[in-house]
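Structure at a glance
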Amino acid sequence: MAIQTRYPFGTLLTAMVTPFDADGAVDYQRAAELASKLVDDGCDGLVVTGTTGETSTLTDEENLGMFQAVKDAVGDRAAIIVGTGTNDTRHSISLSQRAAKLGVDGLLIVTPYYNKPSQSGVQAHFEAIASSTELPVMVYDIPGRSSVPITAETLIRLADHPNIIALKDAKADFAATTRVVANTDLHLYSGDDGLILPWLALGAVGLVGVTTHVATAKFRQLVDAGLAGDFATARALHLELDPVVRAVMTRVQGAVAAKQILKWQGVLPNSVVRLPLVEPSSAELATINADLDEVGFDLGIAVRQ
């Protein structure tokens, strides 16, 4: 699949899990294989070591190793967006500059977490990182994890920065995002798998998803239908995908569920995550199984146990 020129980050992006071996070391070969599968199945962009990639428990060298592995595997077929945002602006700048030297296509920068900065601090953080390289930046607004929402006013000001071109919206505030869309040229991406349909109706250009690990082709169809204005088809696909979104996004943390289902699909050999994440309990596995049993299409899962 050719990289989009109109939308340089692509329109269907998976926020990739970071595969580990049985001992908890990063498995770069499995990461490359997963990236290739996702692109083969319809992704034209990948986010590497974002939230779902367990970036907060990776070392800088592991992050950079993941960037290189995925770029080497699919960098000629998909946009490679890398998670270099932390709650330390200087650290984020350093990691972003090192990532730029690898030839990645863009940066995903999350709102600084734990510090609880003011909106002025949030703006200064993003602008400092965006000015540190020539790479385009996707701002990641996820107050459920960062504790601080990015206000519409701050996003409108950030859009004036020449390197800030996109917003991954995981705030679920339709009114606030409407104001941003009306007043900026930012490329809007849904950061919530279950909200891609209304976000496409608002003018989003695509999805940065987690459920897209396990139902890539169906999400490709949904995004394409929405971008073409065929909302009858998009709505039907949205309803069809609801049990899968529920299985991945509501029972346990997304990386935990995605790895478990990828293991069931035979894509990953294990579902290992790093503490403080843990693998699903038997009760949680039962709820994920029940959700998947509602799915009316083949997820490639032969046996679940």
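Rules and cut-offs
Residue positions are counted from 1 within each chain, in the order its sequence is given. Local features are withheld for residues below a pLDDT of 70 in this predicted model, meaning they are given only at 70 or higher, and side-chain atom pairs are given and counted only at 80 or more; totals for whole chains, interfaces and linings count all residues. Derived side-chain values reflect all non-hydrogen atoms in the structure, with water molecules and hydrogen atoms excluded from consideration. UniProt positions are given in the numbering used here, feature names are shortened, and annotations may be inferred rather than shown by experiment. Strand pairing is defined by DSSP finding a minimum of two bridges between the two strands. Starting at the N terminus, helices and strands are each numbered in turn, a helix being any DSSP run of H or I of at least four residues and a strand any DSSP run of E of at least two. Axis definition: a line fitted to C-alpha atoms, limited for helices to the stretch in contact. Angles are taken between N-to-C directions and run from 0 to 180 degrees. Whether a residue is buried, partly exposed or exposed follows from its accessible area with a 1.4 Å probe, protein chains only, as a fraction of its type maximum: under 20%, in between, or over 50%, in that order. Residues count as neighbours in contact if any of their non-hydrogen atoms are within 4.5 Å of one another. One side-chain nitrogen of Lys or Arg within 4 Å of one carboxyl oxygen of Asp or Glu is enough to make a salt bridge.

The chain carries the name 4-hydroxy-tetrahydrodipicolinate synthase in an unreviewed UniProt entry, which gives Psychromicrobium lacuslunae as its organism. UniProt, in its Catalytic activity (unreviewed entry) section for the chain, records the words "L-aspartate 4-semialdehyde + pyruvate = (2S,4S)-4-hydroxy-2,3,4,5-tetrahydrodipicolinate + H2O + H(+)".

1. Re the sheet that holds strand β7 (residues 187-190)
Taken together, eight strands build a closed barrel; the order of strands is β1-β2-β3-β4-β5-β6-β7-β8 and the barrel is parallel. Each adjacent strand pair in this sheet contributes to an overall mean axis angle of 25°, direction not counted. The sheet contact formed by strand β1 (residues 12-15) and strand β2 (residues 45-48) spans three bridges and is parallel. Note that in β2 the partner of L13 across the bridge is G45.

2. Let's talk about the UniProt feature "binding site: pyruvate" (unreviewed entry) in the chain
Those places that UniProt annotates as "binding site: pyruvate" (unreviewed entry) correspond, in this numbering, to T52 and V208. Of the residues just listed, which span 157 residues, no C-alpha pair is farther apart than 10.8 Å, and they cluster in one region. By the secondary structure assignment, T52 is in the loop between β2 and α2 (60-74). Residue class for T52 comes out buried when judged on its relative accessible area of 7%. Residue contacts for T52: discarding those within four places in its chain leaves A15, M16, V17, T18, V210, H213 and A255. Positionally, V208 belongs in strand β8 (residues 206-209). We classify V208 as buried; its relative accessible area is 1%.

3. Side note on the pattern of salt bridges
One side chain can pair with another of opposite charge once the charged atoms of both are near each other. Overall, the coordinates contain 16 salt bridges when judged by the stated rule. K171 serves as the salt-bridge partner of D141, at 2.8 Å between the closest nitrogen and oxygen. Here D141 is found in strand β5 (residues 137-141), whereas its partner K171 is found in the loop between β6 (164-169) and α7 (174-183), with 30 residues between them in sequence. Here the two residues D141 and K171 agree in accessibility, since each one is buried.

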